[in-house]
Amino acid sequence: MEPFDLVIRGGTVVTAGDLYAADLGIRCGRIDAIGAELPPGREELDARGLVVLPGGVDPHCHIEQLSAAGIVNADTFESATASAALGGTTTVISFVAQHVGSSLAAAAEDYHRRAERGAIVDYAFHLILADPRPEILKEELPPLVRAGHASLKVFLAYDRLKIEDEQYLDVLEAARAHGLMVCVHAENHGMIRWMGRRLVERGFRHPRFHVPSHPRIGEVEGIHRAIACAALLDQPIMIFHVSTAEGAAVIHRARGEGKKVWGETCTQYLTLTAAELDRPGIEGAKWICSPPLREPSDQEALWWALEVGTLQCVSSDHAPYRMDATGKLAKGENPSFEEIANGMPGLELRLPVLFDAMVHGGRGGLCRFVELTATAPAKIYGLHPKKGTIAPGADADLVLWDAERAVTIADGPRRDRAGYTPYAGRTVRGWPRHVLLRGRPIVRDGELLGTPGQGRFLPRSGGRAAVPTGRSEPEFDPARNFGARLR
Ligand code: DUC
Ligand code: ZN
Ligand code: ZN
């Protein structure tokens, strides 16, 4: 037998279900063997004292995306995926953003071209439908599904993005026909606009007023409506970026009733609060995202919702805008909160911040960390078992992680192009040392080795996603629920 291309020796292997000492033998970019004292490989990587994790799967990040307001976010595929790699994330799902009046197919071609050129890690896309007119759903969507796109995103709020209920039902119907997942930005548009207008009229322009301009009940209403419409068509949906205790409760109840709804929250809703926005001057703009940061009590509820399986994954919702005229300050030096681009960077620090909270902070431990940040998103979006786990046959996307290394996150620019991080000043314990993509090192000793164009598109087939329902419940049966009954 030919020697392994690479043996990772002496580490502690961690999956969503297990933790054990083992060597990993890698051939042709895949995990070929897991065992004690594997024979020598052509190359060897010493993992003694390290934990070996599947590379992170970030299922929600905005990369090189043109917003509906006409601002391109600060990252290219190269800079965003460099930051992903440095943080231990080896798969990203970003967006193809269709705009009103434009073609979805043309947008897909454009994003493919840019990702192919720049990506350092592997990638897939959610297709944003801002204008789901009949020819888009009937003529443009089917070839995109055949080309390997398996998830859509719609907005129930925001000018030039939001779709009405009737359009949403059209999207759900199309998704059902093709076996796609539909991800939903679920907030009440009218409440946000109405509250925003009144606050600004009364002179409340500071970034901190972004928070009351997005009423909690607006998230509840949006999630409730998103689920009700999906239930009408028996179509699976994913509620993106849940921020409130009440929002999570709506999902909890719906899942208890057997509705096909899944939920995501993000690093920032678990580890930052609305207090961050309350800073002198315009500084708080760095923490403006939608939905907004909430309260410590919401954090408790979200951790609980993750624990019991009401929410299944934690993404970054990476949406970087610089604190200058290209980004957050595009409307001038002293904008009202309504004029500030929404979003914050988070691709690189998602895993270190969550590792610290979950493993050292007692919020679920190592296996659960792997499940929420890699395995569950890979399953939900049809990337598993190629991605999101350590098993024979899986891609050798691996992170050799130093569980004890303490890092104080510096203020100032990181590898992405936002120019700041919302986590500056915090000390986290646990940091990636080496990162492999399909068996090749893309980070060694914290140094980026990966090159643009190394990342590959991950085609997915609609209707095949094995969707976990949470710890205490049986596995969702894709053949029964996602396929046959929906056709
Ligand atoms: N909210 C989103 O829904 N997307 C991008 C950034 C943000 O804050
Ligand atoms: Zn969103
Ligand atoms: Zn988003």
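Only a predicted model underlies this, so the values are computations on that prediction, with no experimental measurement involved.

1. With respect to the coordination of the zinc ion (ligand 3)
At the metal site, the zinc ion (ligand 3) is ligated by His60 (NE2), His62 (NE2) and Asp317 (OD), and these contacts range over 2.0 to 2.2 Å. In this structure, the zinc ion (ligand 3) is surrounded by 4 donor atoms whose angles at the metal cover 82 to 168°, and the resulting shape is irregular. Between the zinc ion (ligand 3) and the zinc ion (ligand 2), a spacing of 3.7 Å is present. Here aspartate 317 lies in the loop between strand E13 (313–315) and helix H10 (350–360) and histidine 62 lies in the loop between strand E6 (56–58) and helix H1 (77–86), a separation of 255 residues in the sequence. When sorted by exposure, histidine 62 lands in the same class as aspartate 317, which is buried.

2. Examining the side chain of arginine 438
Take arginine 438: it is sitting in the loop between strand E15 (427–437) and strand E16 (440–444). You can call arginine 438 buried: its relative accessible area is 16%. A distance of 2.6 Å separates the side chain of arginine 438 from the side chain of aspartate 122, its partner in a polar contact. At 3.0 Å, the side chain of arginine 438 forms a polar contact with the backbone oxygen of glutamine 454. If sequence neighbours within four positions are ignored, arginine 438 has contacts with Gly29, Asp122, Lys387, Asp395, Ala396, Asp397, Gln454, Gly455 and Arg456.

3. A word on the domain arrangement of the protein
Partitioning the protein into domains gives domain 1 (4–54 + 390–448) and domain 2 (56–381). Each of domain 1 and domain 2 has a C-alpha centre, and the two are 27 Å apart. At the junction of the two partners, domain 1 supplies 42 residues and domain 2 supplies 47 residues. Approximately 3,600 Å² of surface area, both sides summed, lies buried where domain 1 meets domain 2, with 66% of it carried by carbon and sulfur atoms.

4. Comments concerning the coordination of the zinc ion (ligand 2)
Every protein donor of the zinc ion (ligand 2) is accounted for by Lys153 (NZ), His185 (ND1) and His241 (NE2), and the metal-donor separations fall at 2.2 to 2.4 Å. One can describe the site at the zinc ion (ligand 2) as irregular: its 4 donor atoms subtend angles covering 83 to 134° at the metal. Look at where the donors of the zinc ion (ligand 2) fall in the sequence and you get K-x31-H-x55-H.

5. Considerations on the site of ligand 1
In the region of ligand 1, the neighbouring residues are His62, Lys153, His185, His241, Cys289, Ser290, Asp317, Ala319, Asn342 and Gly343. Within the contact set of ligand 1, an oxygen atom lies 2.9 Å away from a side-chain nitrogen or oxygen of histidine 185. Relative to its free-state accessible area of 240 Å², ligand 1 is covered by the protein chains to the extent of 90%. Counting atoms within 2 Å of the grid points, the majority share of ligand 1 lands in the largest pocket. Class assignment for the residues of the shell around ligand 1 results in 2 nonpolar, 6 polar and 2 charged.

6. Some words on the sheet that holds E13
The parallel open sheet is built from 8 strands, whose spatial order is E6-E7-E8-E9-E10-E11-E12-E13. A strand with exactly one partner marks an edge of an open sheet, and here the two such strands are E6 and E13. Neighbour to neighbour, the strand axes of the sheet diverge by 30° on average, direction disregarded. For E6 and strand E7 (residues 89–97), the ladder comprises 3 bridges, and the chain directions are parallel. Within E7, the residue paired with glycine 56 across the bridge is threonine 89. Running over the sheet, helix H7 (residues 245–256) touches strand E11 (237–239) and strand E12 (261–266) and is turned about 155° from E12. Its contacts with the sheet put H10 on E6, E7 and E13, and the angle it makes with E6 is roughly 115°.

7. A short note on empty space enclosed by the protein
Summed over the entire model, instances satisfying the criterion amount to 5 cavities of 30 Å³ or more. Of the pockets and cavities examined, the second largest cavity occupies roughly 60 Å³. In this structure, the second largest cavity is lined by Pro345, Gly346, Leu347, Glu348, Leu349, Arg414, Asp416, Tyr420, Thr421, Pro422 and Tyr423. Its residues placed into classes, the lining of the second largest cavity shows 6 nonpolar, 2 polar and 3 charged. A domain split of the lining of the second largest cavity shows at least three residues from each of domain 1 (4–54 + 390–448) and domain 2 (56–381).

8. Focus on the confidence of the model for the protein
This prediction gives the protein a mean pLDDT of 94; 95% of its residues lie at or above 70. Throughout residues 468–487 the model reports pLDDT below 50, and contacts reaching past four residues in sequence, or to other chains, amount to 54 contacts.

9. What to know about the pattern of salt bridges
Counting across every chain of the model gives 36 salt bridges. Among the salt bridges present, the one from aspartate 5 reaches arginine 42, with a minimum N-O distance of 3.0 Å. Taken as a pair, aspartate 5 in the segment before strand E1 (6–14) and arginine 42 in the loop between strand E3 (30–35) and strand E4 (43–46) lie far apart in primary sequence, 37 residues in all. Residue class for aspartate 5 comes out partly exposed when judged on its relative accessible area of 30%. Across the pair arginine 114 and aspartate 110 runs a salt bridge whose closest N-O atoms are separated by 2.6 Å. Separated by 4 residues within a single helix, arginine 114 and aspartate 110 lie in helix H2 (residues 104–118), roughly one turn from each other.

10. A closer look at the environment of lysine 386
Residue position: lysine 386 is located in the loop between helix H11 (365–380) and strand E14 (398–408). Along the sequence, lysine 386 and isoleucine 31 sit 355 residues apart, while their C-alpha atoms lie 10.0 Å from each other. Sequence-distant contacts of lysine 386, defined by excluding residues within four places in its chain, comprise Ala394, Asp395 and Leu458.

11. Here's the deal with the layout of surface pockets
Taken as a whole, the largest pocket holds about 1,000 Å³ of empty space. Lining the largest pocket are 45 residues, and of these Ala69, Tyr158, Ile340, Ala341 and Asn342 sit closest to its centre. Broken down by secondary-structure element, the contributors of at least two residues to the lining of the largest pocket are strand E9 (151–155), helix H5 (189–201) and helix H8 (267–271). A total of 4 residues in the lining of the largest pocket trace back to one element, the largest contributor, which is H5. Across the lining of the largest pocket, the residue classes break down as 19 nonpolar, 18 polar and 8 charged.

About the cut-offs
Residues numbered from 1 in each chain as written. Chains lettered and ligands numbered in written order. Predicted model: local features only at pLDDT ≥ 70, side-chain atom pairs only at ≥ 80, totals over all residues. Heavy atoms only, no water. Donors = N, O, S within 2.8 Å, 3.2 Å for Na, K, Ca; no water. Tetrahedral: all angles 85-135°; square planar, octahedral: opposite > 155°, others 65-115°. Helix = DSSP H or I, 4+ residues; strand = E, 2+ residues; numbered from the N terminus. Buried < 20%, exposed > 50% of the residue type's maximum accessible area, 1.4 Å probe, protein only. Polar contact = N/O pair within 3.5 Å; in protein donor to acceptor, adjacent residues only side chain to side chain. Contact = heavy atoms within 4.5 Å. Domains from an automatic or database assignment. Buried area = accessible area lost by both parts, 1.4 Å probe. Near = heavy atom within 4 Å. Areas by Shrake-Rupley, 256 points an atom, 1.4 Å probe, with all protein chains shown as cover. 1 Å grid on protein atoms, 1.4 Å probe; cavity = no way out; pocket = protein on both sides within 12 Å on 5 of 7 lines; lining within 4 Å. Sits in = over half its atoms within 2 Å of the grid points. Nonpolar A, V, L, I, M, F, W, Y, C, P; charged D, E, K, R; others polar. Pairing = 2+ DSSP bridges. Axes fitted to C-alpha atoms, helices over the stretch in contact; angles between N-to-C directions. Points joined across faces, edges and corners; volume = space filled by probe spheres on them. pLDDT = per-residue confidence, 0-100. Salt bridge = Lys/Arg side-chain N within 4 Å of Asp/Glu carboxyl O.

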